[in-house]
Each structure stands twice: as C-alpha cells, then as structure tokens.
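Descriptive structure summary
Below, each chain spelled out in residue letters.
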Amino acid sequence: MAARKQSEVVQGTEKEFLDTFRGLCHSRSAWQVWADVMAAIACSISNAIDRSPGHFEKREQEYMECIKRIGSVEAAAQLMGVIVVALENNPEQDFLGKMYMNLELSNHWKGQFFTPYSVCKLMAGITCSEVDRRIEEQGYISVCDPACGAGATLIAAANDMKCSKYNFQNHVLFVGQDVDRVVAQMCYIQLSLLGCAGYICVGNTISNPMVGHVLFPQEREGQEMWYMPMFQSDVWHWRKIFYSLGDMGGTVTPEKPFEKKKFFMFFDFDKKEAAIGE
C-alpha cells in the first residue's frame, strides 16, 4: 500500500512538471524553453551565494533575459518548486534527466542518452568503498565525474555515502564537468538542492580539463564554474584556509572528521536569497 502511494506521488510530481513545462511551449520550441528554465534556476541559485564580479553580474543579466523569454517568474518558480518536492520525496533519482528524456530533448545534441539511475547506483556502490577509512585518513574525499550529464552518477554517490558515519555534506566534494552547458546546469541544480558541496564546470573535459587543487579550481578560458551553496559553508571555508596556511609553510592542525550533522538550505526564488544552517 505504501509503495503504491509513493508511486502515485512520483507520477503526480512528474505530471505536474511536464504539464507546467509544456504550457510554456506555445510559441517556442521545447528545447529553447528548457534551456531558459534551467539557466534561470541555475543563475538564481548561483547568485544567492556567488558574488564574484566575473559571475554575479553576468548571471544576473542572463537570469533577467531568460525570465523575459519564459514569460513570467512564477512559471520558473513553479517548476523549481516541483523539482524540490520531487527530490525531497525521492532523492534516489535523476529527476531532471528523466524529464529531459521524456520530453525527447536528448536528440537535440548529438543523440544524448543518460545512464539509467539504477546503473549509476550500482557503479556508486562499487566505487565508493572504504569511504570512512579514507575520510579518517584525509579529512575529506572528492568524487569526480568528467562527463556528468544531469548528475545521475554523482547523485547516486551522494546517496551511497549517506551510509557513512560522517556527514557527506562536510566530508565529500562533488565535482562534475560536461561540454553541454544545459545538462551541466541540470547537474548543478540537482546537486545543489540535494545539499551537496562542490562545483560543476562547463567545458570540454578532453581539450579543456579542470586544473588546480580540488579546493581551488581555476576557471580557465572556455570554462564556466558553478559553485554549489554548500561549498560556501563554514566547514569548507575553514578547510580551504587550513590548506592555504599549510601551502604557505604555516602550522596546520590535522583535520578531525565531523560526525554526522544535518544541514538545510532554504531558497526563495523571487528574492534569490539562500540561507544555510544547522
């Protein structure tokens, strides 16, 4: 009975998203609307926490242009609300990837086909072994997907690491890169809403890979860096400071892993503000 009810909730959420989205496609192609919706949501999340001159003003302008083409901020806010509810009800899914495939948008760019979440879950279980031991040795670990798509593999890894005795938000850095800007933004949105710490790079992994220390990625020409809100938390802020002190020859106290704590992110689409706390 419970499984049936859960299935009905999932189907209802998916239907609400698809119906709302299709209602925006009267005069423009589904691909154009999708690109604008993803960009608007991604820019809103980014500008709530990333005020760097090279990002904020440019993304603020892009947000306004996308909303103008979409027709209203309410429609974009409603779609974001559905994404939030979908991931809250079932974090074990690639919701945007599934909607993307259902709308047959994958054919727009080189016949994309996202790896099914069940396969990603299996790979995460194999790859993310001995997490506790590695965290105890290093203080934190990083997980990277150089062709992240909508983020199914990284989402599966985050869910798998919830079994660790350490809070993945404080001890796991999620890093992704994809040449397709739209799907990279989809990955960024989902991982941000799931409370992951890390960043997504838009760029060609083969010809223009990410460089620099994992805590201090360098945004090179032809790349865009999208930092997740949880990466701005005090834990990661101090971790970066400790690393910088060590790099300058200072004395650094060995990092002690934090036991599990819960963090929540509250997001207001209209005000474009986010708050992070216990």
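Residues numbered from 1 in each chain as written. Predicted model: local features only at pLDDT ≥ 70, side-chain atom pairs only at ≥ 80, totals over all residues. Heavy atoms only, no water.

**Details of the nonpolar core**
Judged by nonpolar contacts, the single largest core of 71 residues is most densely connected at Phe17, Trp34, Phe174 and Met186. Leaving out residues up to four positions away in the same chain, Phe17 has contacts with Trp34, Leu79, Val82, Ile83, Phe95, Leu96 and Met99. Among the nonpolar cores identified, the runner-up in size contains 12 residues, and Leu173, Tyr199, Leu215 and Trp236 belong to it. (Core = buried A, V, L, I, M, F, W, Y, C linked by side-chain atoms within 4.5 Å. Buried < 20%, exposed > 50% of the residue type's maximum accessible area, 1.4 Å probe, protein only. Contact = heavy atoms within 4.5 Å.)

**Section: helix α5 (residues 95-102)**
Looking at α5, one finds that the buried residues are Phe95, Leu96, Gly97, Met99 and Tyr100. One or two residues past the end of α5 sits Glu104, with phi positive at roughly 60 degrees. (Helix = DSSP H or I, 4+ residues; strand = E, 2+ residues; numbered from the N terminus.)

**A few points about helix α10 (residues 181-193)**
Over its 13 residues, α10 extends 18 Å from the first C-alpha to the last, a length consistent with the 18 Å expected when each residue adds 1.5 Å. Taken across its 13 residues, α10 has 11 buried, putting it largely inside the fold. Where α10 is concerned, the buried positions are Val182, Val183, Ala184, Gln185, Met186, Cys187, Tyr188, Ile189, Gln190, Leu191 and Ser192. At the N-terminal boundary of α10, the capping side chain belongs to Asp180, with an oxygen 3.0 Å from the backbone nitrogen of Val182. (Expected span 1.5 Å × (residues − 1). Polar contact = N/O pair within 3.5 Å; in protein donor to acceptor, adjacent residues only side chain to side chain.)

**Re the packing of helix α2 (residues 30-49) against helix α4 (residues 73-89)**
Viewed as axis vectors pointing N to C, α2 and α4 meet at an angle of 75 degrees, and their least axial separation amounts to 10 Å. By the criterion of interaxial angle, the relationship of α2 to α4 is roughly perpendicular. Only Ala76, Leu79, Met80 and Ile83 of α4 make contact with α2, whose side of the interface consists of Val37, Ile41 and Ile45. Classifying every residue of the contact of α2 with α4 gives seven nonpolar, no polar and no charged. (Axes fitted to C-alpha atoms, helices over the stretch in contact; angles between N-to-C directions. Parallel < 35°, antiparallel > 145°, perpendicular 65-115°, else oblique. Nonpolar A, V, L, I, M, F, W, Y, C, P; charged D, E, K, R; others polar.)

**Observations concerning unusual backbone geometry**
Its identity as a non-glycine residue notwithstanding, Glu104 has a phi of 60 degrees, on the positive side. Among the structural elements, Glu104 can be located in the loop between α5 and α6 (117-127). Residue Glu104 is classed as exposed on the basis of its relative accessible area of 60%.

**Points about the confidence of the model for the protein**
When pLDDT is averaged across the protein, the result is 86; 83% of the residues are at 70 or more. Predicted confidence for residues 262-269 stays below pLDDT 50, and this span has 39 contacts to residues more than four positions away or in other chains. This model gives residues 271-278 a pLDDT under 50, and the stretch forms 26 contacts once residues within four places in sequence are excluded. (pLDDT = per-residue confidence, 0-100.)

**Details of the pattern of salt bridges**
Summed over the entire model, instances satisfying the criterion amount to 10 salt bridges. The partner of Arg69 in a salt bridge is Asp36, with the nearest N and O atoms 2.8 Å apart. In this pair, Arg69 sits in helix α3 (residues 56-70) while Asp36 sits in helix α2, placing the two residues 33 residues apart along the sequence. Of the residues examined, Arg69 reaches a relative accessible area of 42% and is grouped as partly exposed. Between Lys165 and Glu136 there is a salt bridge, with its nearest N and O atoms 3.0 Å apart. Separated by 29 residues along the polypeptide, Lys165 in the loop between α8 (152-160) and α9 (168-171) and Glu136 in helix α7 (residues 131-138) bring together distant segments of the chain. Using a relative accessible area of 41% as the deciding quantity, one classes Lys165 as partly exposed. You can call Glu136 partly exposed: its relative accessible area is 42%. (Salt bridge = Lys/Arg side-chain N within 4 Å of Asp/Glu carboxyl O.)

**Here we look at the pairing of strand β4 (residues 224-227)**
Of the two faces of β4, the one holding Glu224 and Trp226 and the one holding Met225 and Tyr227 are both buried throughout. As defined by bridge partners, strand β3 (residues 197-202) adjoins β4 across four bridges and the pair is classed as antiparallel. Bridging from a neighbouring strand, Ile200 pairs with Trp226 of β4. (Pairing = 2+ DSSP bridges.)

**Section: the packing of aromatic side chains**
Scanning the model with the defined rule gives 14 aromatic pairs in all. Look at Phe21 and Trp34: their rings are 5.5 Å apart centre to centre, the planes differ by 70 degrees, and that puts the pair in the edge-to-face class. Here Phe21, found in helix α1 (residues 2-22), pairs with Trp34, found in helix α2; they are 13 residues apart in sequence, far enough to count as distant. The two residues Phe21 and Trp34 agree in class, both being buried. Of the aromatic side chains, those joined through ring pairs into one cluster are Phe17, Phe21, Trp31, Trp34, Phe95 and Tyr100. (Phe/Tyr/Trp six-rings, centres within 6.5 Å; stacked < 30°, edge-to-face > 60°.)

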